[in-house]
Amino acid sequence: MFYKKFALMVATALTLVAGVSGAQLEPQLTVKEIMNAIITPTTGTIWGAYQLQTEAEWQEVENAALSVIAAANLLSAGGAGEGEVAVAEEADWQSYNQQMLDAARQVLVAVAAKDEEALFNAGNDALYPPCESCHQQYQQQ
Ligand code: HEC
């Protein structure tokens, strides 16, 4: 009984320390969930953007790019699935993820300039390749 209480106290203290130092956030979503819930719909919006006219249409693409950045932020810590934190510590994982994040920033630049050609190029030349590279290396068939 005492030990149980003690263990609980230690766990609480550790949580507090982690909280105070702002250490590693604990992943809540698996990589698959991040792909399906955030990456797929947002990249669909970016790749599907065509003949944008209204402010709202551009805003939608901007929000999609911001969401890709948020997802990349999550993916840099890994996912909640088994082994998904360890794999995210690999240099290749970080590199593909960073390429995706940089691509989303290029999308933001294109949106700010309301430049549809730049948006198209960012989507095809910058945003798509890291998906392929990361999947080839890390997605189990
Ligand atoms: C840093 C690595 C990484 C990057 C970058 C990445 N993915 Fe993924 N993705 C994965 C991994 C790993 C899986 C396999 C997850 C699983 O099956 O558990 C996956 C799976 C998927 C799936 C399949 C989900 C399912 O239900 O099986 C889709 C769709 C997907 N990714 C889309 C994308 C798109 C689009 C991009 C680029 C914009 C992208 N991903 C970029 C790592 C990545």
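Scroll up to find the structure.
All values reported here derive from a predicted model rather than from experimental measurement.

Draft legend 1. Broad picture of a nonpolar patch on the surface. Together, Leu 25, Leu 29 and Leu 74 make up an exposed nonpolar region whose accessible area comes to about 240 Å². Considering the arrangement of structural elements, one finds Leu 74 in helix H3 (residues 55-77). You can call Leu 74 partly exposed: its relative accessible area is 32%.

Draft legend 2. Representation of the nonpolar core within the structure. Core analysis: the biggest nonpolar cluster contains 34 residues, and Ile 46, Val 61, Val 68, Trp 93, Met 100, Val 107 and Leu 119 have the highest contact counts within it. Where this core is concerned, the elements lending two or more residues are helix H2 (31-48), H3, helix H4 (84-88), helix H5 (91-112) and helix H6 (116-138). Element by element, the count of residues in this core is highest for H5, at ten residues. Excluding residues within four positions of it along the chain, Leu 119 makes contact with Ile 46, Ala 49, Leu 52, Trp 58, Val 61, Val 107 and Ala 110.

Draft legend 3. Representation of the layout of surface pockets within the structure. Quantified by volume, the largest pocket comes out at close to 700 Å³. In terms of lining, the largest pocket is formed by 26 residues, of which the most central are Val 31, Met 35, Trp 93, His 135 and Gln 139. Going through the elements one at a time, H2, H4, H5 and H6 are the ones with two or more residues in the lining of the largest pocket. Counting residues per element, the lining of the largest pocket draws most heavily on H2, which supplies eight residues. Looking at side-chain class alone, the lining of the largest pocket contains 14 nonpolar, eight polar and four charged residues.

What counts as what
Residues numbered from 1 in each chain as written. Predicted model: local features only at pLDDT ≥ 70, side-chain atom pairs only at ≥ 80, totals over all residues. Heavy atoms only, no water. Patch = residues over 30% accessible without salt bridge, like charges linked within 9 Å, V, L, I, M, F, W, Y side chains within 5 Å. Areas by Shrake-Rupley, 256 points an atom, 1.4 Å probe, with all protein chains shown as cover. Salt bridge = Lys/Arg side-chain N within 4 Å of Asp/Glu carboxyl O. Helix = DSSP H or I, 4+ residues; strand = E, 2+ residues; numbered from the N terminus. Buried < 20%, exposed > 50% of the residue type's maximum accessible area, 1.4 Å probe, protein only. Core = buried A, V, L, I, M, F, W, Y, C linked by side-chain atoms within 4.5 Å. Contact = heavy atoms within 4.5 Å. 1 Å grid on protein atoms, 1.4 Å probe; cavity = no way out; pocket = protein on both sides within 12 Å on 5 of 7 lines; lining within 4 Å. Points joined across faces, edges and corners; volume = space filled by probe spheres on them. Nonpolar A, V, L, I, M, F, W, Y, C, P; charged D, E, K, R; others polar.

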